[in-house]
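What follows is the residue order along each chain.
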Amino acid sequence: MLEIFISILFGLLTLFLVSLFNQNFIKNRKHLAPGPLRLPIFGNLLQIAWINSKEPHVALSKLAEVHGNIMSIQLGSVYSVCLNSFEVMDEYLTKHEFSDRYFNAWIGERSFHKRVGLVFANYPHPFNQIRRFCLKNLKDLGFGKREKMHSFIQAELVDLVNELKSSVKKNNGIHTFNNFFNLPSLNIVWSMLAGTRFEQNDPKMLKLVKMVEDFAASLSLANGVLLAFPEWKDWFPNLTGMSTQRKCFKETNDFFQEFINERKALGIYKTCPENLVDNFLREMDAGMADSENVFTEQTLVTIMSDFFMAGSETANSTLSWFVLYLILNPKVQSKLQKEVDLLVPKGTLPDAELEPKMHYVRATLAETHRMASVVLLGIPRATTEDMICGTFLVPKGTNVIANLHGIHYDKSYWKDPENFRPERFLDENGNFKNDPRLRPFGFGKRACPGEPLAQISLIHFITVLVQNFTFLPVPDEPLPSMDPVCGVTNFPQVYRALVKCRC
Ligand code: HEM
């Protein structure tokens, strides 16, 4: 019996060593970027988990200190390259050859198992066509223009202030921040797609909020393993969170399809289109005869889902971090209130002329973006052909990870990255100064198309929040934790605050 056991053990050990040797030395690795030793099956996943299982971006930054800013990482079966400095991201992510997205069977679950939509559209075709359509629509519908945005956002802000006031009144001045900014963030994206907003407590809106929250909750690290082992989604659907996700994808896609059906039945889109969906339906009709037409209903459903997933979670997370930073940095909060009180009369919003004068508000937003780095590792890119980076080969189809958190926490540049210090974005005269190394919205052709919309709405939210409230720690409770909850976006843990109305 013992002999059989020893033979099996010996066999397994030999298999392990052969595989280890093959993975690291036999395959043609000598031209590839350096990286940590790959283990059989898991590649580098175990090392990443060993270094920091809760914050993989921190583990990648640590590994990059040893292996360099262009580093090979084997994520299970997926060969990847991780970029870790501003210089390499600025040089490579702006190139055509780095402008595709990594796509696998897991990612395809949300988009009819096809590369339709915008976020994962194949580069350059149909990406160029779809992106051009989306940008033109954002522009034509007024998103990105301050005056137009003003009217869209106003209603969200009024509701937000009332909601917070009534919550603190009910709870002796205490509010628990848990996805509090989800609803207004979703509503802004919805008004872009649909041309209208939902009223508070509209059952349809509440359903949509729940779907997006369930989806975000399902994006745990256990679920992230599907990036490395997409086939596990069918082998272990419950363990990997795939079952919940499938339900979310179906519900959200059905929701969008229902709206598209309503617009089609209404028929207004043919004569006077009112929103992005109407404009898309027109493109669909115009291209009916063209077999190459990329304007299909599945593409439209996926674009809607893309904007929801990409636009609402990010704004919700940024605002949640912003309030938390204010609680922990009372001096910043009073400086902000001073500037807002001076420039923006109570009950009004900053208009297009005032906004450039709001130096401290803009600096605080920039510092919030830097410190929160809500899209920690970007959205995975892929190379369209073999590329030489420095002296290394990055083969065609490589999954490329951009460690955006790494560039925002680079000690050699920011000096004290762990401190929340908006002043780093002010010049000697107290004027806001942008920093090219602040890259929350990414790089190049695939950079975030929602940036103008996000920036304008965030400035409005910040202004109204400090205009109306002061956020403080809850007396006799430990300070809220800065430890993040990492999924695709980076969230603060649920926290409580003492909220004082400034009315
Ligand atoms: C705080 C707010 C936001 C942050 C930090 C953020 C960040 C990002 C980042 C890092 C990327 C990947 C860029 C790259 O690959 O280089 C991205 C892509 C994208 N974002 Fe945003 N985003 C925000 C808000 C929004 C909003 C409001 C929308 C829509 C209304 C949006 C829609 C998208 C889309 C569609 C893409 C994919 C673009 C493509 O692949 O061509 N985002 N975003």
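Residues numbered from 1 in each chain as written. Predicted model: local features only at pLDDT ≥ 70, side-chain atom pairs only at ≥ 80, totals over all residues. Heavy atoms only, no water.

1. Comments concerning the pattern of salt bridges
If you walk through the whole model with that rule in mind, you get 25 salt bridges. Between Arg 115 and Asp 100 there is a salt bridge, and its shortest N-O distance comes to 2.9 Å. Highlighted residues: Arg 115 in the loop between helix H5 (105–108) and helix H6 (127–140) and Asp 100 in strand S3 (residues 100–101), separated in sequence by 15 residues. You can call Arg 115 partly exposed: its relative accessible area is 24%. Residue classification places Asp 100 among the buried positions, given a relative accessible area of 9%. For the salt bridge of Glu 367 with Arg 370, the shortest nitrogen-to-oxygen distance reads 2.9 Å. Placement of the pair is Glu 367 and Arg 370 together in helix H16 (residues 359–372), with a separation of three residues, close to one helical turn. Neither residue differs from the other here; Glu 367 and Arg 370 are each classed as buried. (Salt bridge = Lys/Arg side-chain N within 4 Å of Asp/Glu carboxyl O. Helix = DSSP H or I, 4+ residues; strand = E, 2+ residues; numbered from the N terminus. Buried < 20%, exposed > 50% of the residue type's maximum accessible area, 1.4 Å probe, protein only.)

2. Digging into the site of the ligand
Lining the immediate environment of the ligand, one finds 28 residues, of which Arg 101, Arg 131, Arg 381, Arg 446 and Cys 448 sit closest. The separation between an oxygen atom of the ligand and a polar side-chain atom of Arg 446 is 3.0 Å. Residue assignment for the shell around the ligand shows that the elements contributing at least two residues are H6, helix H14 (297–328) and helix H19 (451–468). The element contributing the most residues to the shell around the ligand is H14, with five residues. Grouping the constituent residues of the shell around the ligand by class yields 18 nonpolar, six polar and four charged. (Near = heavy atom within 4 Å. Polar contact = N/O pair within 3.5 Å; in protein donor to acceptor, adjacent residues only side chain to side chain. Nonpolar A, V, L, I, M, F, W, Y, C, P; charged D, E, K, R; others polar.)

3. Points about the confidence of the model for the protein chain
Of the residues in the protein chain, 92% have a pLDDT of 70 or more, and the chain-wide mean is 90. Overall fold confidence for the complex sits at a pTM of 0.94, while the interface term, ipTM, reaches 0.99. (pLDDT = per-residue confidence, 0-100.)

4. A short note on the domain arrangement of the protein chain
You can read the domains of the protein chain as domain 1 (1–30) and domain 2 (31–501). The C-alpha-based centres of domain 1 and domain 2 are spaced at 43 Å. (Domains from an automatic or database assignment.)

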